[in-house]
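Reading the structure
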Amino acid sequence: MTTPHRHIVVFGGTFDPIHHGHLRSAIELKELLGADELRLMPSHRPPLRGEPGASSQQRLTMVQAAVEGEPGLRVDDRELGRDAASYTVESLRDLRAELGESVTLTMVVGSDAYARLQHWQQWSSLLDYAHLLVLERADYPLEAAPEVAMAMNARRVSHVADLASEPAGKFASVRLRQLPISATDIRERVASGRSIRYLLPDVVAAHIARWGLYQTK
Ligand code: ATP
């Protein structure tokens, strides 16, 4: 019998702020994939989004506080260490170099991000370093640009469990029960003086209050 390889899952995003929708999905993905570890990887200057409401350091501190004490959830701060725009392909290349060739590496993106994958730097090279798993979100059907759909369908496995048998190079999608929480909605609630309690960890809400984040729309 061969020893199963380690399986690391990376879940990127702006996490502006991190909330229970992200955290529940992180835990469920880790369990579904039978992974050893899931890393939340906040992005520094998202090349395809506007300037986030909290600074990189503040978003990182909130993500760290949110996962504290949760075994199997980690924070990967590599993108915040870069000056330039953060490109996922560079992060995956670095991770692969660190982890070695045999570890299974799976990158998770929401179906909202997947629909714009053709704009990502070297999107077709992502699978050289990791599997790509699309998390189907309620308001975003699984759709992609024709060139992306063609490339991914050629690498598609029908069961997410099949990802574990190879280190990289496959594509899968999954629909999880998702909490209807969004960071945009949380920011809007703060700006209009409404409560955000129970949408995100209390420790994160406390940071938002202490730093006076998201006061303006
Ligand atoms: P915004 O509202 O600012 O766009 P967001 O939460 O949609 O925020 P990110 O912080 O970048 O965006 O999300 C990181 C990842 O989490 C993305 O892949 C996104 O699809 C996913 N995600 C966002 N909200 C949820 C949710 N409620 N449940 C599960 N996954 C989510």
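Presented here is a report on the structure given in the accompanying data block. This is a predicted model, so every value here is computed, not measured.

1. As for the side chain of His131
Tracing the backbone shows His131 in strand E5 (residues 131-135). A polar side-chain atom of His131 sits 2.7 Å from the main-chain carbonyl oxygen of Leu163. Non-local contacts of His131, meaning those with residues more than four positions away in its chain, are made with Thr104, Leu105, Thr106, Met107, Leu163, Glu166, Pro167, Ala168, Gly169 and Lys170.

2. Concerning the pattern of salt bridges
Evaluation of the coordinates by the stated rule reveals 13 salt bridges. The residue Arg6 makes a salt bridge to Glu37 at a minimum N-O spacing of 3.8 Å. Pair noted here: Arg6 is in the segment before strand E1 (7-13) and Glu37 is in strand E2 (residues 37-42), with a separation of 31 residues, a long-range link. For the salt bridge of Glu28 with Arg24, the shortest nitrogen-to-oxygen distance reads 3.0 Å. With Glu28 and Arg24 both in helix H1 (residues 20-33), this residue pair falls 4 residues apart, about one helical turn. Judged by relative accessible area, which is 37%, Arg24 ranks as partly exposed. Here the salt bridges do not stand alone but share partners, grouping Arg6, Glu37, Arg39, Arg74, Asp76, Arg78 and Glu98 into one network.

3. Quick word on the nonpolar core
Of all hydrophobic cores here, the largest spans 37 residues; its most connected members are Ile18, Leu29, Leu38, Leu40, Met62, Leu133 and Ile208. Considering every element that reaches this core, the biggest residue donor is H1, with 5 residues. Apart from residues no more than four positions distant in its own chain, Ile208 is found in contact with Pro17, Met62, Val190, Ile196, Leu200, Leu213 and Tyr214. With 26 residues, the next largest nonpolar core counts Val10, Leu99, Leu117 and Leu127 among its residues.

4. Here's the deal with the pairing of E1
Burial of E1 is extensive: 5 of the 7 residues sit out of reach of the surface. With 5 bridges joining them, E1 and strand E4 (residues 104-110) adopt parallel strand pairing. Looking across to E4, one finds that Phe11 is bridged to Val108. Looking at chain direction, E1 and E2 are connected through 6 bridges and run parallel. Opposite Val10, over in E2, you have Arg39 as the bridge partner. Handedness of the crossover is the feature at issue here: the chain leaves E1, passes through H1, returns alongside E2, and the resulting connection is right-handed.

5. Looking at the sheet that holds strand E3 (residues 73-75)
Read across the open sheet, the 6 strands follow the order E3-E2-E1-E4-E5-E6; overall the sheet is parallel. In this open sheet, the two edge strands, each paired with only one partner strand, are E3 and strand E6 (171-174). Adjacent strand axes in the sheet meet at a mean angle of 25 degrees when their direction is disregarded. Bridge count between E5 and E6: 4 bridges; the pairing is parallel. Across the sheet, the residue bridging to Leu132 is Phe171, located in E6. Packed on one face of the sheet, helix H3 (residues 88-99) meets E1, E2 and E4 and runs near 160 degrees to E4.

Cut-offs and rules
Every chain's residues receive numbers from 1 upward, in the order its sequence appears when written. Whole-chain, interface and lining totals are the exception, using all residues; otherwise, since this is a predicted model, local features are given only for residues with pLDDT of at least 70 and side-chain atom pairs are given and counted only at 80 or more. The side-chain figures draw on all heavy atoms in the structure; neither hydrogens nor water molecules are used. Only DSSP runs of H or I reaching four residues or more are called helices, and only runs of E reaching two or more are called strands; each is numbered from the N terminus. Pairs of N or O atoms are called polar contacts if they sit within 3.5 Å, as long as, within protein, a hydrogen donor faces a hydrogen acceptor (for residues adjacent in sequence, only side-chain-to-side-chain pairs). Residues count as neighbours in contact if any of their non-hydrogen atoms are within 4.5 Å of one another. A carboxyl oxygen of Asp or Glu within 4 Å of a side-chain nitrogen of Lys or Arg is what we treat as a salt bridge. When a residue's accessible area, from a 1.4 Å probe over protein chains only, is under 20% of the maximum for its type it is buried; when over 50% it is exposed; and in between it is partly exposed. For this analysis, a nonpolar core means a set of buried residues of the types Ala, Val, Leu, Ile, Met, Phe, Trp, Tyr and Cys, connected via side-chain atoms within 4.5 Å. Here a strand pair is declared whenever DSSP counts at least two bridges between the two strands. A clockwise path from the first strand over the helix to the second, with the strands pointing away from the viewer, defines a right-handed crossover. As a rule, the C-alpha atoms of each element are fitted with a line to give its axis, helices using only the stretch in contact, and angles between N-to-C directions run from 0 to 180 degrees.

That's the geometry; what it means functionally is another story.
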